[in-house]
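Each chain is listed here by its residues.
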Amino acid sequence: MTELGTAPDEVRAPAPVHQVADFRTRCESVAGRRLPTATALHQWSVASYRDFWRTFLDWADLAWEGSADTVSTSDDVWTARFFPDVRLNYAENLLRPLAGVDDASPALTSVHGDGSSEQLSRSDLRALVRRTSRALADAGVRAGDTVAAISANNARIVVAGLAVAGLGAALSTATPDMGVSSLLGRFGQVGATTLLVDRSSLGGGERPADEVLREVVSALPATRRVILLDDGPLPEAAGLPVSRLTDLVSAVPADDPGPDWPRMAFDDPLWVLFSSGTTGPPKAMVHGIGGSLLEHVKEHRLHVDLRPTDVLYFHTTTAWMMWNWQLSALSVGAHVVLYDGPISGPETLWRLAARYGVTVLGTSPAYLQLCQDEGYVPRADVDVSAIRAVLSTGAVLHDWQFAWVAENVGPVPLQSISGGTDIVGCFVLGHPEVPVRPGRCQSLSLGLDVAALDDHERPVLDEVGELVCRNPFPSRPVRFLQDPDGERFRTAYFTQHPGTWTHGDRIEIAGDGSSRLHGRSDGVLNVNGIRIGPSEVYTIVRAVPGVADAIAVETDDPAAPGSSRMVLLVVLQQGTELDDELSRHIRARLRREGSPAHVPSVILAVDEIPLTHNGKRSESAARAVLQGQPVRNLSALKNPRSLESIGAAARRAEEAATAAAVPDGDDDVHAVVARVFAEVLGGPVADDVHFSDAGGTSRQAMTLMRRLRMELHRPVLLEDFLVDPSVRGVTKAVTTGATAHSRCEVLRRGDPDVTPLVLVHGYLGDVDIYRTLVDALQTSASVYGLTSDPRIAATEGITIEEIATPLVATVQETVPEGDVRLAGYSFGGLVAYEMARQLTAAGRTVTFLGLLDTEPPFDHLSRFSRALRTVAWWIALLVPGMVEDTVLGVLRRRFGRTVTPLDEEKQTFAAAYRVFNAYRLEPYAGPVTYFRARFRVPVIANLLYVWRRVAPDLRVVSIPGSHHVLLSGEHTPELAARMDAALRESTR
């Protein structure tokens, strides 16, 4: 490898004396030569890996006994065993008093979604874990047992998990929101005698938690006892004894030192973790005590430079190996922060980090992209000065994300790390002595001979190849469960490139040891950032009567450029047809037993599944056919004709969707409703099929309502739709007059003594865009929505004043006396502004006028401001996520031939645009709160001065996101909170 260099766009880590420097000195004495660079140290660590690991075990000063003379029993990656004569205890090494570390200092802080938290010092945590291990031992947990746990990421599972490890038992964890099928696909292999359960969100809220618990327990025949991590009432659990862990621990005397913790063999089981289920049921991997601890301490101390003065937070769940990784940070004396709540917006993790003084923050590319897309600036919102490093894993980091962190967080290293559950650690990760290069992982993991192999099994540099590890390493799985001869283990990692560990990732490695990941080489689905193991889908679908086999693939979503979707291909048993009922049943079962992310957008029936010669499914070949791309691995398929069946099924589905269309001018309500359902959902839908069971989402429901109003030219209310969300139900609601129109919809009833909030419709005359916002508002006031005809903006010669006048009359009727509070988004904001003027002229007091990112009308601007706004618009077209249009789309419409005419909604938008920009702003003296989207072209897109000129009492509130996604779900909590605050101010 080449010497390390410095590129001009690098971000350097701080320069104290790092722990790896001290370790290098020890290694140089062993090697008998200098190892001056990171690459030199890595080269020695893999060439002399036995010396490396023996030296590290001694340098790390862990608690162990026995002999380290034998480091590895073989040079074969598959069969080698590390430190067969070493014995140690995982919990002892995490919790023992450390020299120079205050035992009263914080060790664990558990933060909940509601903002509450608990904190334990090192001494308190040690005492509680020891008492808990006594309670578990008294309950029957023994060394060599396996304990399964279903819990969110909180202190209770950490304490219980460490108590289990202290006793010499193994732990296997999962999250409460997993479906029963997913839980059993994991724990059904484990043979756990004890089940720990936190029922707080068991079953994802779709079923009673105790019902889910009974179903899980009844399918785990090895389980002898259930111990609750929550404090709820004791349930009945298939005849097994059930107790609360808090009760068991309370029965242990406060001064009980706990049972003796045995030092176990290096390879004795510590954890049972699970693969994502790419090529079958999730593989149950047994990871050993010594290998896991040694790898984690190496990564924490040498690569992250983690110290007792550090506070670590890594965003994870108990179902991911990063939960186990963060836990081991206790061994270096670091303070570990846990969080079991949701990410409600881009500020969530940064505010948590600021509140608890996090120094090393672990996150993902998806979260960083969310922050960037919403224009969130952490250092402008909170104090991030304590953060010295940001770690990211779970997907590939883009180059621009490094620049975003540098600009919006500070000059801290953004370390891209990658490895996997298979090795409960990292192959590539950060390095405190090495510069950060945008888009790249800093270094290869010490002691691991990581390489990229080309198609001829040759190691290559600066080319993309298969990620392999060519020498033994201690953190590889000890074994797979339900694999008595080891063949599943061998097949998983050692058949593709004999003699090396093949990981399943594509990687490009540079001469300086940095690297760039290029995604998975297998078929793991990543649908809009949510990773799904295909075999979890297969397990659920195969249980559906009539389904013989299935394959799930990720494809581009033609209805949403830049997004992806899941397509499920099913092979049906003889005599079974893929009708609407079967499709509905498949989707409903996947939603119930998996999660909403497991529900496919499209289901196609095919003759057979494409298979490779060794019998593995070829998701890549199926994906290529569905994408209309050439199949690169055709010769690798033993049944290439299967691809013809897939192509034919896709064409039939497209033709069926086209055939479902009703010719323009057909006024039959049922026909129009059926056609709109089919167009929104991507295919024909039977009259009695529930919208959600046809794959419909809440966003699609809003689209459906809007389309129906436009095409039926009559009101269709969401509440009427929800009574029976099917073609038949909507047709009945429309034809029987259930959807009788009123200009005022009650969006939420509240305290009649509190001034209501009135929301003004958008350009299509409806208030559906506000539904999520209304749900998130905490105000006690009633919330009304003002509506108009869906084509109101397209009425010839209509003006904003004329749209506002009848709405003002509705307000006078609905709120005949007292104050008035108005708000509107974009077009609705301008109508609300005019309404406020008219109401004030009529003698009413408008105490709150909220403009939700309502730009000033174009025709009201000066020539210079118009030019600036036009420039800003063209710039916005180039920035992903800032506007819904693209440069290419605009140029095609302006200069290309019109292939299809604009639909009615687009025509209405064009008309509304003209009406909006023709409005002449007049002065308004009342208070105005302007909720401004942060993500916009800076400086030249700032036209707030126009509003200040006509509304001097203007207050600006910054909200995450861009204009067109301001009211979408991920931004709603922040917007609602800011609106609640403004509404409270308006009553003072």
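A short tour of the structure in this document, coming up. Just so you know, these numbers come straight off a predicted model, no measurement behind them. (Residues numbered from 1 in each chain as written. Predicted model: local features only at pLDDT ≥ 70, side-chain atom pairs only at ≥ 80, totals over all residues. Heavy atoms only, no water.)

## Comments concerning the overall build of the protein chain
Then comes step 1: Secondary structure summary: the protein chain contains 32 helices and 37 strands in total.
Then comes step 2: Here the protein chain holds 988 residues, and the buried ones make up 56% of them.
Then comes step 3: Entry remark: accessible area of the protein chain is about 39,900 Å², with carbon and sulfur atoms responsible for 51%. (Helix = DSSP H or I, 4+ residues; strand = E, 2+ residues; numbered from the N terminus. Buried < 20%, exposed > 50% of the residue type's maximum accessible area, 1.4 Å probe, protein only. Areas by Shrake-Rupley, 256 points an atom, 1.4 Å probe, with all protein chains shown as cover.)

## A few points about a negative patch on the surface
Then comes step 1: A surface patch of negative charge is lined by Glu-577, Asp-579, Asp-580, Asp-687 and Asp-688.
Then comes step 2: One can find Asp-687 in the loop between helix H21 (669–681) and helix H22 (698–712). (Patch = residues over 30% accessible without salt bridge, like charges linked within 9 Å, V, L, I, M, F, W, Y side chains within 5 Å. Salt bridge = Lys/Arg side-chain N within 4 Å of Asp/Glu carboxyl O. Lys, Arg positive; Asp, Glu negative; His and termini not counted. Charge placed at Lys NZ, Arg CZ, Asp CG, Glu CD.)

## Quick look at the sheet that holds strand S16 (residues 389–392)
Then comes step 1: Reading across the sheet, the seven strands line up as S4-S3-S14-S13-S15-S16-S17 and stay open at both edges, with mixed pairing between neighbours. This sheet does not close on itself; its edge strands, each paired only once, are strand S4 (117–121) and strand S17 (414–416). On average, each strand axis in the sheet is tilted by 15 degrees relative to the strand beside it, whichever way the strands run.
Then comes step 2: In this sheet, strand S14 (residues 335–339) lies alongside strand S3 (residues 106–111) in parallel orientation, the contact comprising four bridges. Considered in S14, the bridge of Ser-110 is made with Leu-338. (Pairing = 2+ DSSP bridges. Axes fitted to C-alpha atoms, helices over the stretch in contact; angles between N-to-C directions.)

## Points about helix H19 (residues 619–627)
Then comes step 1: The complete set of buried residues in H19 reads Glu-619, Ala-621, Ala-622 and Ala-624.
Then comes step 2: Two residues or fewer after H19 comes Gly-628, characterised by a positive phi angle close to 75 degrees.

## Brief notes about the environment of Leu-481
Then comes step 1: In this fold, Leu-481 is placed in the loop between strand S23 (479–480) and helix H16 (487–493).
Then comes step 2: A C-alpha to C-alpha distance of 8.7 Å links Leu-481 and Val-272, two positions 209 residues apart in sequence.
Then comes step 3: Those residues in contact with Leu-481 that lie beyond four places of it in its chain are Gln-189, Val-190, Val-272, Ala-284, Val-286 and Arg-488. (Contact = heavy atoms within 4.5 Å.)

## What to know about the side chain of Thr-223
Then comes step 1: In this structure, Thr-223 sits in the loop between helix H8 (209–218) and strand S8 (225–228).
Then comes step 2: Classification of Thr-223 as buried rests on a relative accessible area of 4%.
Then comes step 3: There is a polar contact of 3.2 Å between the side chain of Thr-223 and the backbone oxygen of Ala-192.
Then comes step 4: Ignoring any residue separated from it by four or fewer positions in sequence, one finds Thr-223 in contact with Ala-192, Thr-193, Leu-195 and Leu-240. (Polar contact = N/O pair within 3.5 Å; in protein donor to acceptor, adjacent residues only side chain to side chain.)

## Points about the pairing of strand S11 (residues 269–274)
Then comes step 1: Here S11 lies mainly inside the structure; five of its six residues are buried.
Then comes step 2: As paired strands, S11 and strand S12 (residues 284–288) are joined by five bridges and run antiparallel to one another. Counterpart to Val-272 in the pairing with S12 is Val-286.

## Looking at the packing of helix H7 (residues 180–187) against H8
Then comes step 1: Viewed as axis vectors pointing N to C, H7 and H8 meet at an angle of 30 degrees, and their least axial separation amounts to 10 Å. Where H7 crosses over H8, the handedness of that crossing is right-handed. Where H7 abuts H8, its residues Val-180, Leu-183 and Leu-184 lie against Val-212, Glu-215 and Val-216.
Then comes step 2: Residues that form the contact of H7 with H8 fall into these classes: five nonpolar, no polar and one charged. (Left-handed = near helix turned anticlockwise from the far one by under 90°. Nonpolar A, V, L, I, M, F, W, Y, C, P; charged D, E, K, R; others polar.)

## Side note on the sheet that holds strand S32 (residues 757–760)
Then comes step 1: Sheet architecture is open: seven strands sit in the order S31-S33-S32-S34-S35-S36-S37, paired in mixed fashion. Each end of this open sheet is capped by a strand with a single partner; those strands are strand S31 (744–748) and strand S37 (954–959). Averaged over neighbouring strand pairs, the angle between their axes works out to 25 degrees when direction is ignored.
Then comes step 2: In the sheet, S32 pairs with strand S34 (residues 820–825) via four bridges, with the strands oriented parallel. For Leu-757, the partnering residue across the bridge sits in S34 and is Arg-821.
Then comes step 3: Against the sheet, helix H26 (residues 800–814) engages S31, S32, strand S33 (783–786) and S34, with an angle of about 150 degrees to S33.
Then comes step 4: The strands that helix H27 (residues 827–841) touches are S32, S33, S34 and strand S35 (846–852); relative to S34, the one it contacts most, it runs at about 155 degrees.

## Notes on the nonpolar core
Then comes step 1: One finds Phe-83, Tyr-90 and Trp-501 to be the most contacted residues of the largest nonpolar core, which totals 109 residues.
Then comes step 2: Of all the elements, helix H6 (residues 155–166) adds the most residues to this core, at nine residues.
Then comes step 3: Leu-830, Val-846, Val-915 and Tyr-924 belong to the second-largest nonpolar core, a separate cluster that totals 45 residues. (Core = buried A, V, L, I, M, F, W, Y, C linked by side-chain atoms within 4.5 Å.)

## Structural notes on the pairing of S4
Then comes step 1: Relative to S4, S3 runs antiparallel, the two sharing five bridges. Residue Leu-108 lies in a different strand from S4, and its bridge partner there is Leu-120.
Then comes step 2: The antiparallel pairing of S3 with S4 creates a hairpin that spans five residues between the two strands, and Gly-115 there sits at a positive phi of about 95 degrees.

## A few points about the pattern of salt bridges
Then comes step 1: With the rule as written, the count across this model stands at 32 salt bridges.
Then comes step 2: A salt bridge links Arg-207 to Glu-215; the nearest nitrogen and oxygen atoms lie 2.7 Å apart.
Then comes step 3: According to the relative accessible area criterion, Glu-215 is partly exposed, its value standing at 34%.
Then comes step 4: Of the charged contacts, one joins Glu-745 and Arg-771 as a salt bridge, the two residues approaching to 3.0 Å between their closest N and O atoms. Here Glu-745 is found in strand S31, whereas its partner Arg-771 is found in helix H25 (residues 771–776), with 26 residues between them in sequence. Side by side, Glu-745 and Arg-771 carry an identical accessibility label, which is buried.
Then comes step 5: Each of Glu-65, Glu-92 and Arg-263 takes part in one network of salt bridges that share partners.

## Observations regarding the packing of aromatic side chains
Any pair of aromatic rings gets described here by the distance separating the centres and the angle formed by the planes.
Then comes step 1: What the rule picks out here adds up to 31 aromatic pairs.
Then comes step 2: Taking 5.7 Å as the distance between ring centres and 70 degrees as the angle between the ring planes, the aromatic pair formed by Phe-489 and Tyr-493 counts as edge-to-face. Placement of the pair is Phe-489 and Tyr-493 together in helix H16, with a separation of four residues, close to one helical turn. One exposure class covers both Phe-489 and Tyr-493, and it is buried.
Then comes step 3: Between Phe-827 and Phe-916, the ring centres sit 6.5 Å apart and the planes meet at 35 degrees, which makes this aromatic pair tilted. (Phe/Tyr/Trp six-rings, centres within 6.5 Å; stacked < 30°, edge-to-face > 60°.)

## Quick notes on the packing of helix H12 (residues 348–356) against helix H13 (residues 365–373)
Then comes step 1: Between H12 and H13, whose axes approach to 10 Å, the crossing angle comes to 100 degrees. Relative to H13, the element H12 is oriented roughly perpendicular. On the side of H12, the interface is formed by Thr-348, Leu-349 and Trp-350, while H13 contributes Tyr-367, Leu-368 and Cys-371.
Then comes step 2: Split into classes, the residues belonging to the contact of H12 with H13 amount to five nonpolar, one polar and no charged. (Parallel < 35°, antiparallel > 145°, perpendicular 65-115°, else oblique.)

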